Amino acid sequence: DSSDKPVYSPLIQLNLTMAHNTLHDLEGATDTSREEVSFILDKVPLLNNDDILIATIAKKRYGPLHAVLAYQTLKSFMLRDLDNALDYTNQYMEHFGTKDLNLKHPSIWNTFYEALITFHFMRQTGEKHYQVRGENALMKMKKWSRHSDW
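Residues numbered from 1 in each chain as written. Predicted model: local features only at pLDDT ≥ 70, side-chain atom pairs only at ≥ 80, totals over all residues. Heavy atoms only, no water.

Turning our attention to the overall build of the protein chain. When you go through the protein chain residue by residue, the secondary structure sums to six helices and zero strands. Counting every position in the protein chain, which comprises 150 residues, the buried fraction comes to 32%. In the protein chain, once contacts between residues fewer than 6 apart in sequence are set aside, the share between residues at least 24 apart is 62%. Here the protein chain has roughly 10000 Å² of accessible surface; of this, 57% comes from carbon and sulfur atoms. (Helix = DSSP H or I, 4+ residues; strand = E, 2+ residues; numbered from the N terminus. Buried < 20%, exposed > 50% of the residue type's maximum accessible area, 1.4 Å probe, protein only. Contact = heavy atoms within 4.5 Å. Areas by Shrake-Rupley, 256 points an atom, 1.4 Å probe, with all protein chains shown as cover.)

The terminal C-alpha atoms of helix α3 (residues 62–78), which comprises 17 residues, lie 24 Å apart, in line with the 24 Å expected from a rise of 1.5 Å per residue. Among the 17 residues in α3, 12 count as buried, and that is most of the element. Among the residues of α3, those classed as buried are Pro64, Leu65, His66, Ala67, Val68, Leu69, Ala70, Gln72, Thr73, Leu74, Lys75 and Ser76. Count one or two residues on from α3 and you reach arginine 80, which has phi positive near 60 degrees. (Expected span 1.5 Å × (residues − 1).)

Right, let's talk about unusual backbone geometry for a bit. You will see that arginine 80, though not glycine, has its phi angle at about 60 degrees, which is positive. You can see arginine 80 is positioned in the loop between α3 and α4 (82–96).

As a further point, take the pattern of salt bridges. Counted by the stated rule, this structure contains one salt bridge. The partner of arginine 133 in a salt bridge is glutamate 114, with the nearest N and O atoms 2.9 Å apart. Taken as a pair, arginine 133 in helix α6 (residues 128–145) and glutamate 114 in helix α5 (residues 104–125) lie far apart in primary sequence, 19 residues in all. Residue arginine 133 shares its accessibility class with glutamate 114, and that shared class is buried. (Salt bridge = Lys/Arg side-chain N within 4 Å of Asp/Glu carboxyl O.)

Turning next to the environment of histidine 95. Inspection of the secondary structure assignment puts histidine 95 in helix α4. Residue classification places histidine 95 among the buried residues on the basis of a relative accessible area of 14%. Through-space distance from the C-alpha of histidine 95 to that of isoleucine 57 is 8.9 Å; in sequence the pair is 38 residues apart. Leaving out residues up to four positions away in the same chain, histidine 95 has contacts with Ile57, Tyr62 and Leu65.

As structure tokens, then:
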């Protein structure tokens, strides 16, 4: 029966779930205040972003992993949870730092936040490796800016 099949890609739901969770958290919600929410199309309850992160790492699904790390980094930075923001940028570097991926928008996004976060920790700790990471991120952005008319 074709009515049992979803009318959209599960990947779309995954990305909408991550966006929903991030916006929900930025509104000040907590895990205890999170009500059971589901998408109308298939009535599957939403996972939290940390569960999605664990699953994408385990299954080596690098597209969704890239996206969830971007959402989690953004959320942690905006909520001034810089320890977790640094952890997410470290995970990004672990999985994507040495790979030449065809994911330019998320790469620019993560590079921008990596610079902000690592410079924060350089000021807090004085540790040189944070300065090196921040300067490398700035060099990437300067290189990319040569290709922009802005």
